[in-house]
Amino acid sequence: QQYALAVDQCGAVQKQVDDTVLAIEKNRKAVADADLQISRLEGELEGLKTDFDGTYRLYCQRMRALYVSQNHTAWVTFLLESDGAANFLIRMQMLDAVTSHDAKLLEQFNAQMDDIVSTKESLDAQKIYLQQNQTELVQNETKLKEQRAVLLEMQDSVRAQQITVEEILVFFSSTIIKPTTL
């Protein structure tokens, strides 16, 4: 009975070992997936930063041009120097095009900043996820080593009990008097 209990305990520990092995495989896959995701996000972030640098340079040029032409009356003067209604409308369209371009540039600037911030947050979240999975992987590997050591100990104990049981069976079978035929 004690032997059967020891065998059952070995089976339970073996199941724990198997479950831990599955958890380790899951952790390793999660770590690999997180590494790929981090690499992808880092590449995406670099591309976004490159795009943003171009937009930023254009935006800086426009801000410099606006600073240089601080005189707000320059716009009014530009319009009033028109030599007719047609020329005035053309100049109005030019000013509208410039202000429209500036507004689009500012929208693009803000959108790219938002994309960079969002991608950076995703990257940081993936790095945290990676760290958590790496920690869990190390813990599971340690746990597996401990479980295997316990399992080996239990298997040795079961083998010893099995040998003892076999020796007892051999002893009893040799001491039992076998009927002889007359």
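Structural data are supplied above this passage.
Scope of this entry: the structure provided in the associated data block. (Residues numbered from 1 in each chain as written. Predicted model: local features only at pLDDT ≥ 70, side-chain atom pairs only at ≥ 80, totals over all residues. Heavy atoms only, no water.)

## Observations concerning the overall build of the protein
The criterion, for reference: Each helix corresponds to a stretch of at least 4 residues labelled H or I by DSSP, and each strand to a stretch of at least 2 residues labelled E; elements are numbered beginning at the N terminus. Each residue gets one of three labels from its accessible area relative to the maximum for its type: buried under 20%, exposed over 50%, partly exposed in between, using a 1.4 Å probe on protein chains only. We call two residues contacting when some pair of their heavy atoms lies within 4.5 Å. Accessible surface is estimated by sampling points in the Shrake-Rupley manner with a 1.4 Å probe; for residues, cover comes only from the protein chains shown.
Along its length, the protein carries 3 helices and 0 strands. Listed N to C, the secondary structure of the protein is α-α-α in terms of helices and strands. Within the protein, buried positions represent 21% of all 182 residues. When contacts within the protein are restricted to residue pairs at least 6 apart in sequence, long-range pairs at least 24 apart make up 87% of them. As displayed, the protein offers around 13,600 Å² of accessible surface, 60% of which is attributable to carbon and sulfur atoms.

## Examining the nonpolar core
Put simply, the test is: By nonpolar core is meant a set of buried Ala, Val, Leu, Ile, Met, Phe, Trp, Tyr and Cys residues that side-chain atoms within 4.5 Å join together.
If you look at the biggest cluster of nonpolar residues, it comprises 13 residues, and the most contacted ones within it are Ile 116, Leu 123 and Leu 130. Elements with a minimum of two residues in this core: helix H1 (2–68) and helix H3 (85–175). Apart from the residues within four sequence positions on either side, Leu 130 is in contact with Val 31, Ala 34, Asp 35 and Ile 38. Of all hydrophobic cores here, the second largest spans 10 residues; its members include Ala 6, Cys 10, Leu 144 and Leu 151.

## A look at the packing of aromatic side chains
Geometry of an aromatic ring pair is reported as the spacing of the ring centres plus the angle between the planes. Quick note on the threshold: Whether two aromatic rings pair depends on their centres lying within 6.5 Å, for rings of Phe, Tyr and Trp, where Trp uses its six-membered ring; planes under 30 degrees apart make the pair stacked, over 60 edge-to-face, and the rest tilted.
Counted by the stated rule, this structure contains 4 aromatic pairs. When the centroid spacing of 6.1 Å and the interplanar angle of 25 degrees are considered together, the rings of Tyr 56 and Phe 109 count as stacked. Residue Tyr 56 is located in helix H1, and its partner Phe 109 is located in helix H3; the two are separated by 53 residues in the primary sequence. Geometrically, the ring pair formed by Tyr 59 and Phe 109 is stacked, given 4.8 Å between the ring centres and 20 degrees between the ring planes. In this pair, Tyr 59 is assigned in helix H1 and Phe 109 in helix H3, connecting sequence segments 50 residues apart. Here the two residues Tyr 59 and Phe 109 agree in accessibility, since each one is buried. Taken together, the ring pairs in this structure connect Phe 52, Tyr 56, Tyr 59 and Phe 109 into an aromatic cluster.

## Some thoughts on the environment of Gln 112
This is how the line gets drawn: Side-chain atoms alone can form a polar contact between residues adjacent in sequence; in general such a contact is a pair of N or O atoms within 3.5 Å, and within protein one must be able to donate a hydrogen while the other accepts it.
With respect to the helices and strands, the residue Gln 112 is situated in helix H3. With 60 residues separating them in the primary sequence, Gln 112 and Phe 52 have C-alpha atoms 6.0 Å apart. Leave out the neighbours within four places in its chain, and Gln 112 touches Asp 51, Phe 52 and Thr 55. Only 2.7 Å separates the side chain of Gln 112 from the side chain of Thr 55, close enough to count as a polar contact.

## Brief notes about the pattern of salt bridges
Definition in use: Here, a salt bridge means any side-chain nitrogen of Lys or Arg that lies within 4 Å of a carboxyl oxygen of Asp or Glu.
Applying the stated rule across the entire model yields 8 salt bridges. We note a salt bridge from Arg 40 to Glu 44, for which the minimum N-O separation is 2.8 Å. Note that Arg 40 and Glu 44 are positioned in helix H1 at a spacing of 4 residues, about one turn of the helix. Judged by its relative accessible area of 34%, Glu 44 falls in the partly exposed class. Between Asp 124 and Lys 120 there is a salt bridge, and its shortest N-O distance comes to 3.0 Å. Of this pair, Asp 124 and Lys 120 both sit in helix H3, 4 residues apart, roughly one helical turn. Taking the relative accessible area as the measure of exposure, Lys 120 reaches 37% and is therefore partly exposed.

## Let's talk about the environment of Tyr 56
By relative accessible area, which is 42% here, Tyr 56 ends up partly exposed. Separated by 56 residues in sequence, Tyr 56 and Gln 112 place their C-alpha atoms 9.7 Å apart.

## Remarks on a nonpolar patch on the surface
Let me state the cut-off plainly: Residues forming no salt bridge and having over 30% relative accessible area are the ones grouped into patches, like charges within 9 Å of each other and nonpolar side chains (Val, Leu, Ile, Met, Phe, Trp, Tyr) within 5 Å.
Residues Phe 88, Leu 89 and Met 92 make up a contiguous nonpolar surface patch of roughly 270 Å² in combined accessible area. Looking at the secondary structure, you find Phe 88 in helix H3.

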